[in-house]
Amino acid sequence: MSHDDTRVNLGKAAPELYRAVMALDGQVVQRAKSAGIADGFSHLLRLRASQINGCAFCLRMHTRDALAAGESSDRVSVLPAWRETQYFSDKERAALQLVEAVTLVAHDQIPETVYAEAAELLSTDEIAAVEWLAIQMNIWNRVAIASRYPVGPEK
């Protein structure tokens, strides 16, 4: 797979749409804050969607952001295997499961079991915030991947 500059950069080709996505992102972040979702965990939710989608640009960004917001390197490290750890609370586990289901919506929609568990542990505001975080992150992953944002060591 070539990583050259032949792809259209969606942000440069349609700056008004990019600005609209940025504005939506700001609203999604505010919604997560007002729902009481910690900044660090918000980045972990974004990171989990990016892991599923394989978006290198967003993986690097949200790993750095999660660590800067106070998340531990252990929680970041075990995120792909969160189910097998004791690092996450029941509420966090429900949120992670919901982010995964929204990200993988083409596979089996959002299973009733996943939604029921989220509804049992999370408030309506928390569910909405988590789902919007997943939706927003999936937008960014697709923009970055389609545009082939360069990801390499910093010089």
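Because the structure is predicted, anything quoted here is derived from the model rather than measured.

A. Looking closely at the side chain of Gln136. On the secondary structure map, Gln136 appears in helix α9 (residues 124-147). Since its relative accessible area comes to 0%, Gln136 is described here as buried. Discounting chain neighbours no more than four positions away, the residues touching Gln136 are Val21, Leu24, Asp25, Val28 and Arg46.

B. Local environment of the packing of aromatic side chains. Applying the stated criterion across every chain, the model contains 2 aromatic pairs. Where Tyr18 meets Trp140, the ring centres are 5.3 Å apart and the plane angle is 65 degrees; that geometry is what we call edge-to-face. Of the two residues, Tyr18 sits in helix α2 (residues 15-34) while Trp140 sits in helix α9, which places them 122 residues apart along the sequence. Relative accessible area serves as the criterion here: at 30%, Tyr18 is assigned to the partly exposed category. Under the relative-accessibility criterion, Trp140 is labelled buried at 11%. Taking the centre distance of 5.0 Å and the plane angle of 75 degrees together, the rings of Phe57 and Tyr149 count as edge-to-face. One end of the pair, Phe57, is in helix α4 (residues 56-68); the other, Tyr149, is in the segment after α9, with 92 residues separating them in the sequence.

C. Representation of unusual backbone geometry. Of note in this structure, Gln109 is not a glycine but carries a positive phi near 55 degrees. Within the element layout of this structure, Gln109 appears in the loop between α7 (105-108) and α8 (112-121). Despite not being glycine, Arg148 has its phi angle at roughly 55 degrees, a positive value.

D. Inspection of the pattern of salt bridges at higher detail. Tallied over the full model, the rule gives 7 salt bridges. Arg75 serves as the salt-bridge partner of Glu92, at 2.9 Å between the closest nitrogen and oxygen. Linking Glu92 in helix α6 (residues 90-103) with Arg75 in helix α5 (residues 73-78), this pair joins segments that are 17 residues apart in sequence. Accessibility expressed as a relative area gives 18% for Glu92, which makes it buried. Overall, Arg75 belongs to the buried group, its relative accessible area being 11%. One salt bridge connects Glu126 with Lys91, and the closest N-O pair in it is separated by 2.7 Å. Here the residue Glu126 occupies a position in helix α9, and Lys91 occupies one in helix α6, the gap between them amounting to 35 residues. A relative accessible area of 13% places Glu126 in the buried class. A relative accessible area of 38% means that Lys91 is categorised as partly exposed.

E. Quick look at α6. For α6, spanning 14 residues, the distance from its first C-alpha to its last is 20 Å, which sits close to the expected 20 Å at 1.5 Å a residue. The buried count for α6 comes to 11 of 14 residues, which makes it a mostly enclosed element. Among all positions of α6, only Glu92, Ala94, Ala95, Leu96, Gln97, Leu98, Val99, Glu100, Ala101, Val102 and Thr103 are buried. Against α3 (39-53), α5, α7, α8 and α9 lie the buried residues of α6.

Reading guide: rules and limits
- Residues numbered from 1 in each chain as written.
- Predicted model: local features only at pLDDT ≥ 70, side-chain atom pairs only at ≥ 80, totals over all residues.
- Heavy atoms only, no water.
- Helix = DSSP H or I, 4+ residues; strand = E, 2+ residues; numbered from the N terminus.
- Buried < 20%, exposed > 50% of the residue type's maximum accessible area, 1.4 Å probe, protein only.
- Contact = heavy atoms within 4.5 Å.
- Phe/Tyr/Trp six-rings, centres within 6.5 Å; stacked < 30°, edge-to-face > 60°.
- Salt bridge = Lys/Arg side-chain N within 4 Å of Asp/Glu carboxyl O.
- Expected span 1.5 Å × (residues − 1).

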